[in-house]
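# Breakdown of the fold
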Amino acid sequence: MHDVATHDDSKGQYFWVWGALLVLTAVEVWLGYRQIFEPVHMLEVLLVLSVIKSVLIIAYFMHLKFEKAIMRWLLVISVTGCFVIMYFFFFPDADRILKLGVR
Amino acid sequence: MSEITLQDDAVIAHGHAGEFEAPLFGAYSKKVGMWLFLASDSLTFGALLFAFSYNRIYTSWPTPFGKDSIINATVMTACLLSSSLTMVMAVFAAQRHDRAWTRNWLLATMAFGTGFIVLHGMEWTKLIHEGLSLPGFPKPAGQLESEYAHISSGVPQFAATFFGLTAMHMLHVTIGVIYLGVVALRKLFLPILGALWLVGFLLIPADNVFHYGIHALLIGLIISSVILFLKPKDYDAHDVEVSGLYWHFVDLVWMFIFPLVYLMSTKI
């Protein structure tokens, strides 16, 4: 029975994850100052880095990596699905308001 | 009622009178409940971040954040990341039934969280003093022609999304610190929280937004008191792990707010 996350993992990996998160943050700050991309591409690059950081946090710090597969996949698929639906509704709808005009 | 955990035979052994149904996700109900809450809360932040991203791309967005703001926000990020590490250590200590180190690591996590809130409060105070305000809110005297005052009137979405996102997140961090305080110190935390509220209310000037914002601690004090007096239990490893899930989520959300709100508005 899976109780408190009592998986046999060393503490060392959490320090590595913490270090990786700090390095990724430093890369983001560097990119923010360099501004080598246009705003849209910059947004995409920063979002990709943020997603990588969030995967590390969810998988290791929140221990989802060590949970049962059904819980892992159900959570990931449902939340991701909601975000995808948001994306396909929010952006076109906001565009539609701009193009039609708001009276 | 005594705490029933999955370690109890009544839960594990099936086919006996009085048995509990086996958990669907192989985890205790508190953890599943917290995950479901976090999934729903992530959609709240998701909607706000989508709104921010749309505005950032399709409007003439100002880039006013100078070196000071970015350094401040980077230090805040480091505080939250470090707090997640200390939270993991607290969970490990709780699993070892090491009560002293569980409390110590939780207090360290709270210290990082409090540092984040204080730094963020200083940042807010500085920006408001320099003229950044929401539509309809008074602007500080002498700042009517400042850069931030022009931004507030010209692109009101900037202040709206900045204050909206960061206030929502700051509220979550504050709730997290109170949550961890209750788990770490139980009833002992109540007078500390009350003292913090009173000192904050008396020391923060009346023209500062946090003179009123500090009342969040009073609301937290009332709710924590009700919970602790209705169910004065000794929090176990499960509770520490569940509180850790909430704390890591707060860290996770900031990983999106920091690059989008700050780094996408950097003054070069």
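Residues numbered from 1 in each chain as written. Chains lettered and ligands numbered in written order. Predicted model: local features only at pLDDT ≥ 70, side-chain atom pairs only at ≥ 80, totals over all residues.

Helix and strand counts for chain A come out as 3 helices and 0 strands. The helix and strand sequence of chain A, counted from the amino end, reads α-α-α. Residues counted as buried form 21% of the 103 residues belonging to chain A. (Helix = DSSP H or I, 4+ residues; strand = E, 2+ residues; numbered from the N terminus. Buried ≥ 20, exposed ≤ 12 C-beta atoms within 10 Å, placed from the backbone.)

Quick look at the overall build of chain B now. Helices and strands together make up the secondary structure of chain B, namely 10 helices and 0 strands. Seen in sequence order, chain B has helices and strands lined up from the N terminus as α-α-α-α-α-α-α-α-α-α. Along the first, second and third principal axes, the C-alpha atoms of chain B reach 75 × 40 × 30 Å. Considering chain B as a whole, with its 268 residues, one finds that 38% of them fall into the buried category. Taking the intrachain contacts of chain B between residues at least 6 apart in sequence as the baseline, contacts between residues at least 24 apart amount to 73%. (Contact = placed C-beta atoms within 7 Å.)

What follows concerns the nonpolar core. Ala 90, Leu 180, Ile 257, Phe 258, Leu 260 and Val 261 of chain B are the most contacted members of the largest nonpolar core, which totals 79 residues. Considering each element in turn, this core owes the most residues, 17 residues, to helix H10 (residues 237–262) of chain B. (Core = buried A, V, L, I, M, F, W, Y, C linked by C-beta atoms within 7 Å.)

Residues and elements named next belong to chain B. Of the positions making up helix H5 (residues 147–154), those classed as buried are Tyr 148, Ile 151 and Ser 152. Each buried residue of H5 lies within a common arc of 100 degrees when the element is viewed along its axis, so the set occupies one face. The elements touched by buried residues of H5 are helix H4 (99–129) and helix H6 (156–185). (Arc of directions from axis to C-beta.)

Listed as interface residues are 42 residues of chain B and, on the opposing side, 43 residues of chain A. Listed by contribution, the elements that provide at least two residues to the side of chain B that touches chain A are helix H2 (29–58), helix H3 (67–95) and H10 of chain B. Broken down by class, the residue content of the side of chain B that touches chain A amounts to 27 nonpolar, 12 polar and 3 charged. (Nonpolar A, V, L, I, M, F, W, Y, C, P; charged D, E, K, R; others polar.)

Attention now moves to the domain arrangement of chain A. The domain architecture assigned to chain A consists of domain 1 (10–66) and domain 2 (67–103). Put simply, the middle of domain 1 of chain A and the middle of domain 2 of chain A, counted by C-alpha atoms, are 22 Å apart. (Domains from an automatic or database assignment.)

Residues and elements named next belong to chain B. Orientation of helix H7 (residues 189–203) relative to helix H9 (residues 215–230), taken along the N-to-C sense of each, is 165 degrees, at an axis distance of 9 Å. Comparing the axis directions of H7 and H9 gives the class roughly antiparallel. Our pair here, H7 against H9, has a crossing hand that is left-handed. Where H7 approaches H9, its residues Leu 190, Leu 193, Gly 194, Leu 196, Trp 197 and Gly 200 are matched on the opposing element by Leu 217, Leu 218, Gly 220, Leu 221, Ser 224, Ser 225 and Leu 228. Across the contact of H7 with H9, the residue classes tally to 8 nonpolar, 5 polar and no charged. (Axes fitted to C-alpha atoms, helices over the stretch in contact; angles between N-to-C directions. Parallel < 35°, antiparallel > 145°, perpendicular 65-115°, else oblique. Left-handed = near helix turned anticlockwise from the far one by under 90°.)

Next up on the list: the environment of Glu 123 of chain B. All names here are of chain B. Within the secondary structure, Glu 123 sits in helix H4. Overall, the presence of 18 C-beta atoms within 10 Å leaves Glu 123 in the partly exposed class. For the pair formed by Glu 123 and Val 75, sequence separation is 48 residues and the distance between their alpha carbons is 12 Å.

Let us now look at the confidence of the model for chain B. All names here are of chain B. Chain-level pLDDT for chain B is 87 on average; 90% of the residues reach the 70-or-more range. This stretch, residues 1–14, has a pLDDT under 50; its non-local contacts, to residues over four places away or in other chains, come to 18 contacts. Interface predicted TM-score (ipTM) for the complex: 0.86; the corresponding pTM is 0.87. (pLDDT = per-residue confidence, 0-100.)

Below, the discussion takes up the packing of H4 of chain B against H6 of chain B. Residues and elements named next belong to chain B. Remark: H4 packs on H6, axes separated minimally by 9 Å, with the N-to-C direction vectors making an angle of 155 degrees. If you check the angle between H4 and H6, you find them roughly antiparallel. Judged by the sense of rotation from one axis to the other, the crossing of H4 with H6 is left-handed. Residues Arg 103, Leu 106, Leu 107, Thr 109, Met 110, Gly 113, Thr 114, Phe 116, Ile 117 and His 120 of H4 touch H6, and the partners they reach there are Thr 166, Met 170, Val 173, Thr 174, Gly 176, Val 177, Leu 180, Gly 181, Val 183 and Ala 184.

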